Amino acid sequence: GSAPGGPGARCQPGPGRGHGVGAPHSQEVACPGPGVLVSPLPNFSHGGAVSSWAGPGGWGHPFANGTCPLSLQNGAVPGEATKRDENVKRGNWTNQIEFVLTSVGYAVGLGNVWRFPYLCYRNGGGAFMFPYFIMLVFCGIPLFFMELSFGQFASQGCLGVWRISPMFKGVGYGMMVVSTYIGIYYNVVICLAFYYFFSSMTRVLPWTYCTNPWNTPDCTGVLDATNGSAAPLLNLTQLLNHTLKRTSPSEEYWRAPCLRELRPRLCSPGCEPLAGCVGLPLCARRGVCLSIQVVYFTATFPYVVLTILFVRGITLEGAVTGIMYYLTPQWDKILDAKVWGDAASQIFYSLGCAWGGLITMASYNKFHNNCYRDSIIISITNCATSVYAGFVIFSILGFMAQHLGVDVSQVADHGPGLAFVAYPEALTLLPISPLWSVLFFFMLILLGLGTQFCLLETLVTAIVDEVGNDWIIRRKTFVTLGMAMVGFLLGIPLTTQAGIYWLLLMDNYAASFSLVIISCIMCISIMYIYGHQNYFKDIEMMLGFPPPVFFQICWRFFSPTIIFFILVFTVIQYRPIAYNTYVYPPWAISIGFLMALSSVLCIPLYAVYKLCRVEGDTLLQRLKNATKPSQDWGPALAEHRAGRYAPTPHLEVQLLNPEKPRSEDVALPGQGSNGSAHSQDSRL
């Protein structure tokens, strides 16, 4: 059709000529020139919209008769060297590879290196793989897809997405608390990796022999100090078992120089925490925490290191023995409930669900990005990394076991003892050990930084989205700097001589069963409070197809059941925390439970607050009003608000006297007064 080109003329939204497929969403855009308002033509390459306008001749092909200002154009337009942000105010990922690599760096962390191999050999080697992959399929990938689609649909962080059901906004605050705790002690672990990284830059690793000033008479090394040959008669339990009198040089190095002597100087106000305070804000200049160069390096280089160590490991004598132990299943353990519980918890924690980071990273995606494909790729990559790291570790542990004449099951440990005691001990047995040690700890640094970047961005995005004005968006770099400084100061107590005890306390309680509760409530609130049919329609509107039937069943039945099973299993299996021979006192256990409850209590406290503030004469009315979606729930950009999210059309009045001000005109769709907004809500 055509439209007159006089001043003030307006064209109704509709598909442009020449486009056989119409988009279900459109928006009127005012362009310069004769003042004609027309609908943007859909750009199907990325789901955005390209502004077009007609001259006096009527409807025109995009940019046939002129162009709109660049600030009104979305996606790739002629004459631009790069694709513009779809969400100009908030920003988007530069390209999809950047999002995938960032999410991989976030999900793949230090736990993939030391926790997964430990669980494998503790639970029967290859027998652990079967429940591990079962939990991945029925719980891990569905929850991962739910969080990605949740953040991408609303283009909001872990707080803003709860416009879907405002009473459950406490879930978002709980995610922020969990991310804060993890970020604090994660900083210190990365700092320890920095310390070992620089300590490895010597001709002989300082934890190789027992001839150092900090060694005690009880120290017994794997290598003989005089000729560098192996001591074949040494019992490994005398080297690595903390309860015996004999200690290894790597254990004494961990306890003395790092934790007691050098740590107050080198590992407290310095190293990675200070680097995070300076470096992370500089990466947030465009609204997303990571620049593309940082993402490409931190996400890919650990795989280079793992491959180098794998090639070196499988060429060592005894490596086949370690790998066979890793792959050979002990079928008598597959019926053990503990094996299934460990598999479920490992999947849950390794993917990073309920931390808020997945929602935050997905919120910077383009609206029509295929997050279903991304969730499959990232989840499988994360679990494949764990399996691959297991090959690397067990090849080295097999060499160490044969070198000492002991079984492979007696070599490994878990937690900091595995990363900073057993692994350094194994590295001393490799040729050119300083080189492999430098590569190994540099890999740990990058794995930790990839997760730490996203943890900080989760907190910053939640704050910026919650405030939401232009002032704080322009100063996001300073918000990031402030958050990094606060985290740095809160991490200083973990660098004292008692810091390792506080670190383990936070690791065991701050992000344990609280994650399970948060994830369970999130799944129930979306599927049963908001409604599974509504959420499935939202995903179909965003992706062009509904979620597969398998995911629909998992979200409604399987995943909540598995999450509940993990919670019950965690409670039944609870044991008081201990470090070596030190058993934590009751007051320390109480502090641990308070940290765990601090994130969970955000949910009921905010629910009570919302019930007190919401309108309603009875408790039932208040409950309904507090749980129904808010008026601004839905896609962030008006051009994507189609279907039930489309603005309600209003009758437009043309004034007879054009000289009078048009302040009394009926507002454009989407710009109504409070009254029109309330009437729209009542109709919905």
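The shown structure was predicted, so the numbers you read here are calculated from the model rather than taken from an experiment.

What counts and how
Residues numbered from 1 in each chain as written. Predicted model: local features only at pLDDT ≥ 70, side-chain atom pairs only at ≥ 80, totals over all residues. Heavy atoms only, no water. Helix = DSSP H or I, 4+ residues; strand = E, 2+ residues; numbered from the N terminus. Buried < 20%, exposed > 50% of the residue type's maximum accessible area, 1.4 Å probe, protein only. Contact = heavy atoms within 4.5 Å. Areas by Shrake-Rupley, 256 points an atom, 1.4 Å probe, with all protein chains shown as cover. Salt bridge = Lys/Arg side-chain N within 4 Å of Asp/Glu carboxyl O. Core = buried A, V, L, I, M, F, W, Y, C linked by side-chain atoms within 4.5 Å. Polar contact = N/O pair within 3.5 Å; in protein donor to acceptor, adjacent residues only side chain to side chain. UniProt positions renumbered as here; feature names shortened; annotations may be inferred. Disulfide = S-S within 2.5 Å. Expected span 1.5 Å × (residues − 1). Axes fitted to C-alpha atoms, helices over the stretch in contact; angles between N-to-C directions. Parallel < 35°, antiparallel > 145°, perpendicular 65-115°, else oblique. Left-handed = near helix turned anticlockwise from the far one by under 90°. Nonpolar A, V, L, I, M, F, W, Y, C, P; charged D, E, K, R; others polar. Patch = residues over 30% accessible without salt bridge, like charges linked within 9 Å, V, L, I, M, F, W, Y side chains within 5 Å. Phe/Tyr/Trp six-rings, centres within 6.5 Å; stacked < 30°, edge-to-face > 60°.

(A) Representation of the overall build of the chain within the structure. On a plain count of helices and strands, the chain comes out with 24 helices and six strands. Buried positions account for 55% of the 684 residues belonging to the chain. Sequence-distant contacts, at least 24 apart, represent 76% of the contacts inside the chain between residues at least 6 apart. Counting only carbon and sulfur atoms, one obtains 64% of the accessible surface of the chain, whose full area is about 29,100 Å².

(B) The pattern of salt bridges, seen in detail. As enumerated under the stated definition, the model contains six salt bridges in all. Between Arg90 and Asp465 there is a salt bridge; the shortest N-O distance is 2.6 Å. Pair noted here: Arg90 is in the loop between strand E4 (48–50) and helix H1 (96–107) and Asp465 is in helix H15 (residues 433–467), with a separation of 375 residues, a long-range link. Of the residues examined, Asp465 reaches a relative accessible area of 15% and is grouped as buried. Between Arg644 and Asp538 there is a salt bridge, and its shortest N-O distance comes to 2.5 Å. With Arg644 in the loop between helix H23 (619–627) and helix H24 (674–683) and Asp538 in helix H19 (residues 513–543), this residue pair connects regions lying 106 residues apart in the sequence. By relative accessible area, which is 34% here, Arg644 ends up partly exposed. Exposure remark for Asp538: the relative accessible area of 1% places this residue in the buried category.

(C) The arrangement of the nonpolar core in detail. Phe150, Tyr196, Phe348, Phe440, Phe441, Leu444 and Tyr535 are the most contacted members of the largest nonpolar core, which totals 160 residues. Beyond its immediate chain neighbours, meaning those up to four positions away, Phe150 contacts Val161, Trp162, Ile164, Ile359, Ile526, Tyr535 and Trp633.

(D) Structural detail: the side chain of Asn215. Structurally, Asn215 is set in the loop between helix H4 (169–199) and helix H5 (236–240). A distance of 3.4 Å separates a polar side-chain atom of Asn215 from the backbone nitrogen of Thr211. A polar contact of 2.9 Å, which involves the side chain of Asn215, links it to the backbone nitrogen of Asn212.

(E) Up close: the environment of Leu327. Residue placement: Leu327 occurs in helix H10 (residues 319–327). With a relative accessible area of 41%, Leu327 lands in the partly exposed category. Along the primary structure Leu327 and Gly125 are separated by 202 residues, whereas in three dimensions their C-alpha atoms are 5.8 Å apart. In contact with Leu327, other than residues within four places in its own chain, are Gly126 and Phe391.

(F) Representation of the UniProt feature "binding site: Na(+)" (unreviewed entry) in the chain in the model. According to UniProt, the feature "binding site: Na(+)" (unreviewed entry) maps to Gly105, Ala107, Val108, Asn112, Ser350, Asn382 and Leu447 in the numbering used here. Look at the named residues: they lie 343 residues apart in sequence, but the longest C-alpha span between them is just 12.3 Å, so in the fold they bunch up. By the element assignment, Asn112 lies in helix H2 (residues 111–122). Residues in contact with Asn112, not counting those within four places in the same chain, are Ala107, Pro117, Asn382, Ser386 and Ala389. Among the polar contacts made by the side chain of Asn112, one reaches the side chain of Asn382 at a distance of 3.4 Å. With respect to the element layout, Asn382 can be found in helix H13 (residues 371–404). In contact with Asn382, other than residues within four places in its own chain, are Ala107, Val108, Asn112, Ser350 and Leu351.

(G) Structural context of the state of the cysteines. Inspection of every chain in the model, using the stated rule, returns one disulfide. Sulfur-sulfur distance for the disulfide between Cys210 and Cys219 comes to 2.0 Å. Across the S-S bond of Cys210 and Cys219 the torsion is about -65°, and the bridge reads as left-handed. Since its relative accessible area comes to 10%, Cys219 is described here as buried. Cys554 forms no disulfide, and the closest cysteine sulfur to it belongs to Cys139, at a distance of 8.6 Å.

(H) Just helix H11 (residues 337–350), in detail. In a regular helix each residue adds 1.5 Å, so 14 residues correspond to 20 Å; H11 covers 20 Å between its end C-alpha atoms and thus fits that length. With eleven of its 14 residues buried, H11 lies for the most part within the structure. Turning to H11, its buried residues are Val339, Gly341, Asp342, Ala343, Ala344, Ser345, Gln346, Ile347, Phe348, Tyr349 and Ser350. The positive-phi residue at the C-terminal boundary of H11 is Gly352, with phi of around 80°.

(I) View of the packing of helix H22 (residues 602–613) against H23. Close contact between H22 and H23 brings their axes to 9 Å; oriented N to C, the two are set at 115°. Classified by the angle between their axes, H22 and H23 sit roughly perpendicular to one another. Here H22 runs over H23; the crossing is right-handed. Facing H22, whose interface residues are Lys610, Leu611, Cys612 and Arg613, H23 presents Arg622, Leu623 and Ala626. Here the contact of H22 with H23 is composed, by residue class, of four nonpolar, no polar and three charged.

(J) Representation of unusual backbone geometry. The phi dihedral of Ser155 is positive, around 55°, even though this residue is not glycine. Following the sequence through the fold, Ser155 ends up in the loop between helix H3 (129–154) and H4. You will see that Ile432, though not glycine, has its phi angle at about 50°, which is positive. Inspection of the secondary structure puts Ile432 in the loop between helix H14 (416–427) and H15.

(K) A look at the packing of H19 against helix H20 (residues 549–572). In contact at an axis separation of 9 Å, H19 and H20 are set at 170° when each is read in the N-to-C sense. With respect to their mutual orientation, H19 and H20 come out roughly antiparallel. Between H19, through Phe513, Val516, Ile517, Ser519, Cys520, Cys523, Met527, Tyr528, His532, Tyr535, Phe536 and Ile539, and H20, the contact on the second element is made entirely by Gln552, Trp555, Arg556, Phe557, Pro560, Ile563, Ile566, Leu567 and Thr570. In the contact of H19 with H20, the residues fall into 16 nonpolar, four polar and one charged.

(L) Inspection of a nonpolar patch on the surface at higher detail. Nonpolar side chains collect at one region of the surface, where Ile524, Tyr528, Ile529, Val549, Ile553, Phe557 and Phe558 lie side by side and expose about 630 Å² of accessible area between them. When contributions to the nonpolar patch are tallied by element, the ones reaching two or more residues are H19 and H20. In terms of residues, the nonpolar patch owes the most to one element, H20, which gives four residues. On the secondary structure map, Ile529 appears in helix H19. A relative accessible area of 39% places Ile529 in the partly exposed class.

(M) Looking closely at the environment of Ile589. Of note, Ile589 is situated in helix H21 (residues 586–600). By relative accessible area, Ile589 is classed as buried at 12%. Linking Ile589 and Ile577, residues twelve residues apart in sequence, is a C-alpha distance of 7.7 Å.

(N) Inspection of the packing of aromatic side chains at higher detail. As enumerated under the stated definition, the model contains 59 aromatic pairs in all. Considering the side-chain rings of Trp93 and Tyr364, the 6.3 Å spacing of their centres and the 80° angle between planes classify their relative orientation as edge-to-face. Here the residue Trp93 occupies a position in the loop between E4 and H1, and Tyr364 occupies one in the loop between helix H12 (357–362) and H13, the gap between them amounting to 271 residues. Since its relative accessible area comes to 5%, Trp93 is described here as buried.

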